[in-house]
Amino acid sequence: MILSGKTALVLGGARSGKSSFSERLAQATGLERHYVATGRAYDDEMRERITRHQDDRGPSWVTHEEPVELTRTLGAIDAPGRVVLVDCLTLWVTNLMMQGEDIPARSAQLAAQLSTFEARIIFVSNEVGLGIVPENKMAREFRDHAGRLHQQVAAVVDEVFFVAAGLPLRMKG
Amino acid sequence: MILSGKTALVLGGARSGKSSFSERLAQATGLERHYVATGRAYDDEMRERITRHQDDRGPSWVTHEEPVELTRTLGAIDAPGRVVLVDCLTLWVTNLMMQGEDIPARSAQLAAQLSTFEARIIFVSNEVGLGIVPENKMAREFRDHAGRLHQQVAAVVDEVFFVAAGLPLRMKG
Amino acid sequence: MILSGKTALVLGGARSGKSSFSERLAQATGLERHYVATGRAYDDEMRERITRHQDDRGPSWVTHEEPVELTRTLGAIDAPGRVVLVDCLTLWVTNLMMQGEDIPARSAQLAAQLSTFEARIIFVSNEVGLGIVPENKMAREFRDHAGRLHQQVAAVVDEVFFVAAGLPLRMKG
């Protein structure tokens, strides 16, 4: 699979292979690769997941850790000849919620930024809305924020993929 | 996207854009629009969701609130030249469970009714079976009822869509 | 739908119709049908689900109950002129976890076995990674194991289907 547009969103469930697929997409561009990790290592389990992802990815990436100020970091990285992989939007939403940020405003800002972005960019995100309604109110709010952000990003990117069992399904583009 | 058949089922996760997509489908028919809301406002959060949906939808719909007697209400609304949007089947199942109704019988009745329906009809429903098995027994039963109803309705409608991130994927038709 | 390859993986949610679809795939081959049930009846609810599945399936199957030693059982059943339906991989993973088995090793062994398998084989499995991150650590581990196994099996089989509302979506093959 090769990126045919400039911007893409890759959705998938936990351990669906969405990150690996996105890394292969980025690699196939032949451009200078930048990785924006939005995850914060709150505990050992999370730290272990982050480390495993880095190991899987290999050394040929410039890594940026940015849990909150995603648009600012993307603005600083942006340049022609680069491909930027943001992994992942759902962790960004989690961090924004933790800090009480205005998520609709942040989401709109991100979507708007894409129209002038010069690098190629691939967003990875977890689809989290296909289970039973969570009993936890914060989980329901998270699900709503993530779902709305996915709709906003999907509306402006060139390509959208849904990944399951490592296999991509093209939803747009 | 334009409805090519008379009857459709639109499945999707929470905040997937399935309702907006279904409203656009209904609007594109150019027919007199009827909206059947199955949700019951048990609490403020639910009331807020219902109100937001109504605001999003705008005033050009005849709205019917029917949490339980769905087939009776559909029978009363049915007429050529109309399009009926039922939002959503999973809330109907919830209400049936709360009242201890015979859900397989109700589901079969709904599926049977579609064969003689004269209006166009679009059912919206939440796909809820793609997460971890819920620890709560009632949630597991709900999941089973919803899944079986989806299969029954999908078998008889002309078109089925799966919506994620606001993007429809055609599953049937 | 007809199996076009020798090996297939059928993914879907709870009550998605994935088992019925897989049984029809197996039946359409016209070969001698073998059913490998990996589920263990821990409680009445589970026993009832297993019995209902057997009733739905009818008597024209040779049934093998194998909760743990899946590759050994598959090796013993394997023969040309047969079709084997394994229902399901997620229950197998559950049983392996309960016994503290080495799941990555077992998964790799299963994937390797497929290259020399002479019967046709269809694996059914639950997609469980599309809901909110479970609060329970064991549920998160289960989700990870299941997701990795799906990726491994999907990479080696000829065909992969995703089933929702009884409708198959071809992901591979």
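This text goes with the structure placed above it.
Because the structure is a prediction, the values reported are computed rather than measured.

## Topic: helix α1 (residues 18-28) of chain A
Step number 1: The set of residues buried in α1 of chain A consists of Lys-18, Ser-19, Phe-21, Ser-22, Glu-23, Leu-25 and Ala-26 of chain A.
Step number 2: Trailing α1 of chain A by a residue or two, Gly-30 of chain A shows a phi angle of about 75 degrees, which is positive.

## Some thoughts on the interface of chain A and chain B
Step number 1: Taken residue by residue, the interface counts 20 residues in chain A and 25 residues in chain B.
Step number 2: For the pair chain A and chain B, the summed buried surface comes to about 1,800 Å²; carbon and sulfur atoms form 62% of the total.
Step number 3: Broken down residue by residue, the surface that chain A buries against chain B is led by Leu-130, Ile-132 and Met-171 of chain A, which jointly contribute 37%.
Step number 4: Run the count over chain A and chain B and you get 5 residue pairs in polar contact (both at pLDDT 80 or more).
Step number 5: Contributing elements (two or more residues each) for the side of chain A that touches chain B: α6 (137-156) and β7 (167-172) of chain A.
Step number 6: Broken down by element, the side of chain A that touches chain B gets its largest block of residues, 9 residues, from α6 of chain A.

## Regarding the sheet that holds strand β2 (residues 32-37) of chain A
All names here are of chain A.
Step number 1: Judged by pairing direction, the sheet is mixed, and its 7 strands sit side by side in the order β3-β2-β4-β5-β1-β6-β7 without closing on themselves. Two strands bound the open sheet, and with one partner strand each, they are β3 (62-65) and β7. In this sheet, adjacent strand axes meet at a mean angle of 20 degrees when their direction is disregarded.
Step number 2: Helix α2 (residues 44-57) rests against β2, β3 and β4 (82-87) of the sheet, and its axis sits at about 160 degrees to β3.

## Concerning the relation of the copies chain B and chain C
Step number 1: Take chain B, turn it by 120 degrees, move it 0.0 Å along the axis, and it overlays chain C with an RMSD of 0.0 Å. Taken together, the rotation and translation relating the two chain copies correspond to the operation of a three-fold axis. If distances are taken from each C-alpha of chain B to the rotation axis, the shortest is found for Gly-131 of chain B, at 2.5 Å.

## Quick word on the interface of chain B and chain C
Step number 1: Each partner contributes to the interface: chain B provides 20 residues, whereas chain C provides 25 residues.
Step number 2: With both chains or domains summed, chain B and chain C bury close to 1,800 Å², and 62% of this area falls on carbon and sulfur atoms.
Step number 3: Summed over the three residues of chain B that lose the most area to chain C, namely Leu-130, Ile-132 and Met-171 of chain B, the buried surface amounts to 37% of that side.
Step number 4: Between chain B and chain C we count 0 salt bridges in total.
Step number 5: Along the contact surface separating chain B from chain C lie 5 residue pairs in polar contact (both at pLDDT 80 or more).

## Focus: unusual backbone geometry
Backbone geometry follows two general trends: most residues other than glycine have a negative phi, and most peptide bonds adopt the trans configuration.
Step number 1: At the junction of Asp-87 of chain A and Cys-88 of chain A, the peptide bond is cis and its omega measures out at 5 degrees in the coordinates.
Step number 2: Of note, Cys-88 of chain A is situated in the loop between β4 and α4 (89-98).
Step number 3: If you check the backbone angles, Arg-15 of chain A has positive phi at about 50 degrees while not being a glycine.
Step number 4: In this structure, Ala-165 of chain B takes a positive phi of about 50 degrees despite not being glycine.
Step number 5: As for its position among the elements, Ala-165 of chain B is in the loop between β6 (159-164) and β7 (167-172).

## Focus on helix α6 (residues 137-156) of chain C
Step number 1: Between its first and last C-alpha atoms α6 of chain C spans 29 Å; for 20 residues at 1.5 Å apiece the expected length is 28 Å, and the two agree.
Step number 2: Two or three places before Met-138 of chain C, at the opening of α6 of chain C, Asn-136 of chain C has a side-chain oxygen 2.8 Å from that residue's backbone nitrogen.

## Comments concerning the side chain of Ser-125 of chain C
Residues and elements named next belong to chain C.
Step number 1: Its place among the elements puts Ser-125 in strand β5 (residues 120-126).
Step number 2: The class for Ser-125 is buried, based on a relative accessible area of 0%.
Step number 3: When residues no more than four places from it in sequence are discounted, the contact partners of Ser-125 are Leu-9, Val-10, Leu-11, Gly-12, Lys-18, Cys-88, Leu-89, Thr-90 and His-150.

## Focus: the sheet that holds strand β2 (residues 32-37) of chain B
Residues and elements named next belong to chain B.
Step number 1: The mixed open sheet is built from 7 strands, whose spatial order is β3-β2-β4-β5-β1-β6-β7. Strand pairing shows two members of the sheet lacking a second neighbour, β3 (62-65) and β7, which therefore form its edges. Strand-to-strand twist in this sheet, taken as the mean axis angle between neighbours without regard to direction, amounts to 20 degrees.
Step number 2: Of the strand pairs in this sheet, strand β1 (residues 7-12) and strand β5 (residues 120-126) are connected by 6 bridges, and their pairing is parallel. Looking across to β5, one finds that Thr-7 is bridged to Ile-121.
Step number 3: Here helix α3 (residues 70-77) sits on the sheet and contacts β2, β3, β4 (82-87) and β5; the angle it forms with β4, its principal contact strand, is near 165 degrees.

Rules used in this analysis
- Residues numbered from 1 in each chain as written.
- Chains lettered and ligands numbered in written order.
- Predicted model: local features only at pLDDT ≥ 70, side-chain atom pairs only at ≥ 80, totals over all residues.
- Heavy atoms only, no water.
- Buried < 20%, exposed > 50% of the residue type's maximum accessible area, 1.4 Å probe, protein only.
- Helix = DSSP H or I, 4+ residues; strand = E, 2+ residues; numbered from the N terminus.
- Contact = heavy atoms within 4.5 Å.
- Buried area = accessible area lost by both parts, 1.4 Å probe.
- Polar contact = N/O pair within 3.5 Å; in protein donor to acceptor, adjacent residues only side chain to side chain.
- Pairing = 2+ DSSP bridges.
- Axes fitted to C-alpha atoms, helices over the stretch in contact; angles between N-to-C directions.
- Least-squares fit on C-alpha atoms with pLDDT ≥ 70 in both.
- Salt bridge = Lys/Arg side-chain N within 4 Å of Asp/Glu carboxyl O.
- Expected span 1.5 Å × (residues − 1).

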